[in-house]
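Take a look at the letters that make up each chain.
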Amino acid sequence: MINFDPHSKTFQDDPYPTFRRMRDEAPVMDVPDLQLWAVSRFDDVQAVLRAPDGFSSRRSLDPNDASSNVPMIVIMDRPRHGELRSLLSRAFTPRRVDELAGRIREIAIKLIDQFIEAGSCDLWEDFSAPLPTIVIAELLGIPSADRAMFKEKSTALAKSVGPGMDLDPAKLASTSNPVMELAAYLASIFDEKRKKETDDLMGALLAAELDGKRLDQAELVGFAVLLLIAGNETTTNLISNAAVLLDQHPDQRSYLFEDPIRIEVAVEEFLRFESPVQGLERVVTEEVTLGGQTLKRGDKVFLMLGAANRDERMIVDPDEFDVRRTPNPHLAFGWGGHFCLGANLARMEARIAFEEIAKRLPGYQLSGPTERLYSGFFRGLLSVPIEFDPKAPS
Ligand code: HEM
């Protein structure tokens, strides 16, 4: 009997032994307490992500489902999902993202300028949290002065979500729900932008048309809320997790920092080894057999990306952290129709972050215990105290 409690702190401190047992002994495991099937092998997770008609992204098959209060594409199905996604994907083509590189580097340099003289900082507080948050705020066109507020809301959300913990309708409608708070804030910014055209993503969404029709306010707000949360929480965790991994593997850090061109390949290993998004949920739309189990219409599945990315059936020595690993198949950004729209941006932010760390804080060391972000869906940290030589040669 495998004890799988994705909400327990003990589990989250080191989920990997449990992941291995689940993959070996119960790859599609019935978890009655959470009323879901936990899917832990790479192939099974990928098979579900490849079959959007058989596995819905909606929170439930009930057409009156309360999650439509804030209609985000990540919890929509075809055809509306595809229509709305195509609008947004224009903002995230590799070319558009490349154009942001210079600005991302400027932000990274400025953040490091603010703490370098001190010889110590909290890398989370001073660098990995603000960097993606400022980037997404600028992209959307919201005042980055408000970033502490939306970082706080997105962290509150990350702490409150997890498998089998659907936001119930009452909670979702409550004004103290972080999603609703962000939605109200973003709705007021859209109202402002309606008065005057702006050259940013929110302005572009306001002007966008599908079949001659503008998006309604709920859809606009759904986009902005999703981007704000997806755009900062995950990338912050990617950078923080990687900084700790490199501190634990100084030989690999030296190899990377000797020639920062190697960072691009390493980012894939950061994503695989400590996946910032640990799991996704889907609802079964028609009876299906998966991993020898019969799943019925309406059943929920929890796709364990963190476990799939350590599956020895797909990855050689998966518990070895290896920044040289190529090829590096992983599901950290999902797969198929809902594949992460911000993947190019996230990869580039992480690459630039570590290029600047390599230049200016190459010998950094952890100076105290880190603090874990306890979340059923996200793997990350809330504090990464480090010290370094401010005069290190670049
Ligand atoms: C390390 C950073 C990131 C990770 C690990 C990550 C992970 C993911 C995953 C696993 C999904 C798939 C969800 C599903 O299938 O249900 C997803 C979707 C999405 N992500 Fe990311 N993400 C990251 C960064 C970003 C950034 C920076 C943005 C935007 C600025 C972003 C925007 C989105 C959007 C809009 C979707 C929904 C796509 C759809 O439903 O069609 N993500 N992300």
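Here's what I pulled together on the structure shown here. Along each chain, residue indices are assigned from 1 in the same order as the chain's sequence is written. It should be noted that, the model being predicted, local features are given only for residues of pLDDT at least 70 and side-chain atom pairs only at 80 or more, the latter also being counted only at that level, while totals for whole chains, interfaces and linings use all residues. Hydrogens are left out, water is left out, and the side-chain values use all remaining heavy atoms of the structure.

1. Description of the packing of aromatic side chains
Thought 1: Stacked, edge-to-face and tilted are the three classes for Phe, Tyr and Trp ring pairs, Trp counted by its six-membered ring, which pair at centre distances within 6.5 Å; planes under 30 degrees apart are stacked, over 60 edge-to-face, the rest tilted. On inspection of all chains with the given rule, the structure shows 10 aromatic pairs.
Thought 2: An aromatic cluster of at least three residues, connected via ring pairs, comprises Phe4, Phe11, Tyr16 and Phe19.
Thought 3: For Arg253, the ring lying beneath its charged end belongs to Tyr364, and the centroid distance is 4.5 Å.
Thought 4: Charge over a ring is defined by NZ of Lys or CZ of Arg lying within 6 Å of the ring centre and within 35 degrees of the ring normal. Across the ring face of Tyr255, the terminal group of Arg324 is positioned such that the distance to the ring centre comes to 3.7 Å.

2. Focus: the site of the ligand
Thought 1: To be near a molecule or strand, a residue needs just one of its heavy atoms within 4 Å of it. Lining the immediate surroundings of the ligand are 28 residues, of which His81, Arg85, Arg282, His338 and Cys340 lie closest.
Thought 2: Between the ligand and the protein, one listed contact pairs an oxygen atom with a side-chain N or O atom of His81 at 2.6 Å.
Thought 3: Between N or O atoms, a polar contact is any pair within 3.5 Å; within protein, one atom must be a potential hydrogen donor and the other a potential acceptor, and residues adjacent in sequence are included only when both atoms are from side chains. In the environment of the ligand, an oxygen atom lies 2.6 Å from a nitrogen or oxygen atom belonging to the side chain of His338.
Thought 4: Put simply, DSSP marks the helices as runs of H or I at least four residues long and the strands as runs of E at least two long, and each gets a number from the N terminus on. Within the residue set of the shell around the ligand, elements represented by two or more residues are helix 4 (80-89), helix 13 (217-248), strand 7 (279-284) and helix 17 (343-360).
Thought 5: When its residues are assigned to classes, the shell around the ligand shows 18 nonpolar, 8 polar and 2 charged. The classification used treats Ala, Val, Leu, Ile, Met, Phe, Trp, Tyr, Cys and Pro as nonpolar, Asp, Glu, Lys and Arg as charged, and all other residues, Gly among them, as polar.

3. Topic: helix 9 (residues 147-160)
Thought 1: An ideal rise of 1.5 Å per residue puts 20 Å on 14 residues; helix 9 measures up with 20 Å between its terminal C-alpha atoms.
Thought 2: What helix 9 keeps buried is the set Phe150, Lys151, Lys153, Ser154, Thr155, Leu157 and Ala158.
Thought 3: Contacts are assigned to residue pairs with any non-hydrogen atoms lying within 4.5 Å of each other. Elements in contact with the buried residues of helix 9: helix 7 (123-128), helix 8 (130-140), helix 11 (178-195), helix 13, strand 12 (371-373) and strand 13 (380-383). Here a helix's expected span is defined as the number of its residues, less one, multiplied by 1.5 Å. The buried label applies to any residue whose accessible area, calculated with a 1.4 Å probe on protein chains only, is under 20% of its type's maximum; exposed applies above 50%, and partly exposed to all values in between.

4. Comments concerning the coordination of the iron atom of the ligand
For a metal with four tetrahedral donors the ideal donor-metal-donor angle is 109.5 degrees, while six octahedral donors give ideal angles of 90 or 180 degrees.
Thought 1: You will see that the iron atom of the ligand has only one donor from the protein, Cys340 (SG), lying 2.3 Å away.
Thought 2: With respect to the helices and strands, Cys340 occurs in the loop between helix 16 (305-308) and helix 17. Excluding water, the donors of a metal are its N, O and S neighbours within 2.8 Å, or within 3.2 Å for Na, K and Ca, and that exclusion means sites may look incomplete.

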